[in-house]
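This is what each chain is made of:
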Amino acid sequence: MRRTLPMFKKLIIELQSNCNRDCFFCSRRWDKSGKRLGPDGKRIIRSMPTESALRILDQASSMGFRGYTTFHLFSEPFLDKRIIEMAREAEKRGLRPYEHTNGDVLKHNDALCKAAAEVFEYIVVGLYDYENESELAEEKRFWRQKLQGTRVLFSEVGKVTPRTLTPYDPRMAENKKTYPGCFCQEPLLRLIVQYDGTIAFCCEDMKDDFGFGSAFDASIEEIWYSERHVRIVKDLKQGLRGKYPLCAGCPIPPIHHTGLPRIARGLRRRLTSLIKKPRGAG
């Protein structure tokens, strides 16, 4: 297969649909796809078949992928009893498991904390309940102790930013605005497989706006290097967000807004060169 894109940096396999929280900044609160919330607003409880998840891991490994792999998307991964097993299976294939969690399942389960710290290269814990800096510092100390043996990072509620489907909330770290004419690299960073097999173009693609199909019906390699995926990635590289309604209304800033302009320009040049020539050429 002619590989006209660089390999994705992270593989996201969503093992199940549920989350026990309802955070104001999370896109799942505004789900209109019916995948995570039903018409009555109740949570959808469904899981990806184990054999399908293992097949995706095998395909990624066969492609030569050796990067970071996680098992959540708009869900709490530790609600799935297979989470440690899946992380170990990823590790067996040379992948690098990591995870994001709200911590609720882990908090009172020392055995699960120990197993998680052993298998995950790092764990990001969402800190959403603190009321002052003292409480925040105490929560960080708690989790570093609880998850000794792995690197512990934190997602703080005071630093959340707007998402495409979420309305602006004054608790967010910045106002909601769009960048319809700006470069976007997000679709090159992650290959996302939702619990029902559907491929998401990026973390904002909650409603399958791009129609890339299912990893249950085609290999992830076929989908990643498909003409349609390559074409859209090239458009976004050129700043043509306006061609796609989801991208035109996206509040995720272009890469040069990260505060690292020289690094960003270098990455952009690298991405450009990789997109222009087949993998392995030159």
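Read on for an overview of the structure. (Residues numbered from 1 in each chain as written. Predicted model: local features only at pLDDT ≥ 70, side-chain atom pairs only at ≥ 80, totals over all residues. Heavy atoms only, no water.)

## Thoughts on the sheet that holds strand 4 (residues 99-101)
Note: strands within a sheet are paired through backbone hydrogen bonds, in either parallel or antiparallel orientation. Read from one edge of the open sheet, 3 strands run 4-5-6, paired in parallel fashion. Looking along the sheet, the strands with just one partner apiece sit at the ends: strand 4 and strand 6 (151-156). Pairwise comparison of adjacent strand axes, ignoring direction, gives a mean angle of 25° for this sheet. Each of strand 5 (122-127) and strand 6 is contacted by helix 4 (residues 133-146), which is oriented at about 150° to strand 6, the strand it contacts most. (Pairing = 2+ DSSP bridges. Helix = DSSP H or I, 4+ residues; strand = E, 2+ residues; numbered from the N terminus. Axes fitted to C-alpha atoms, helices over the stretch in contact; angles between N-to-C directions. Contact = heavy atoms within 4.5 Å.)

## What to know about the nonpolar core
Ranked by size, the top nonpolar core spans 70 residues in total, and within it F8, L11, I13, I84, F120 and I220 carry the most contacts. For F120, the contacting residues outside a window of four places in its chain are F78, I83, I84, A87, P97, Y98, E99 and T150. (Core = buried A, V, L, I, M, F, W, Y, C linked by side-chain atoms within 4.5 Å. Buried < 20%, exposed > 50% of the residue type's maximum accessible area, 1.4 Å probe, protein only.)

## Things to note about the pairing of strand 6
In strand 6, alternate side chains face the same way, and those of V152, F154 and E156 are buried while those of R151, L153 and S155 on the opposite face are not. Relative to strand 6, strand 5 runs parallel, the two sharing 6 bridges. What sits directly across from V124, in strand 6, is L153. In this fold, the crossover linking strand 5 to strand 6 by way of helix 4 has right-handed handedness. (Right-handed = clockwise from strand over helix to strand, strands pointing away.)

## Some points on the pattern of salt bridges
Between side chains of opposite charge, a pair can form as their charged atoms come close. For the structure on display, the rule yields 20 salt bridges. One salt bridge in this structure joins R29 and D22, with 3.3 Å as the shortest N-O distance. Exposure remark for R29: the relative accessible area of 32% places this residue in the partly exposed category. Among the salt bridges present, the one from E118 reaches K114, with a minimum N-O distance of 2.6 Å. Of the two residues, E118 and K114 both sit in helix 3 (residues 110-119), 4 residues apart, roughly one turn of that helix. Taken individually, E118 and K114 each receive the classification exposed, so the pair is uniform in this respect. Ionic contacts of the salt-bridge type, sharing partners, join the residues D58, E89, K92 and R93 into one network. (Salt bridge = Lys/Arg side-chain N within 4 Å of Asp/Glu carboxyl O.)

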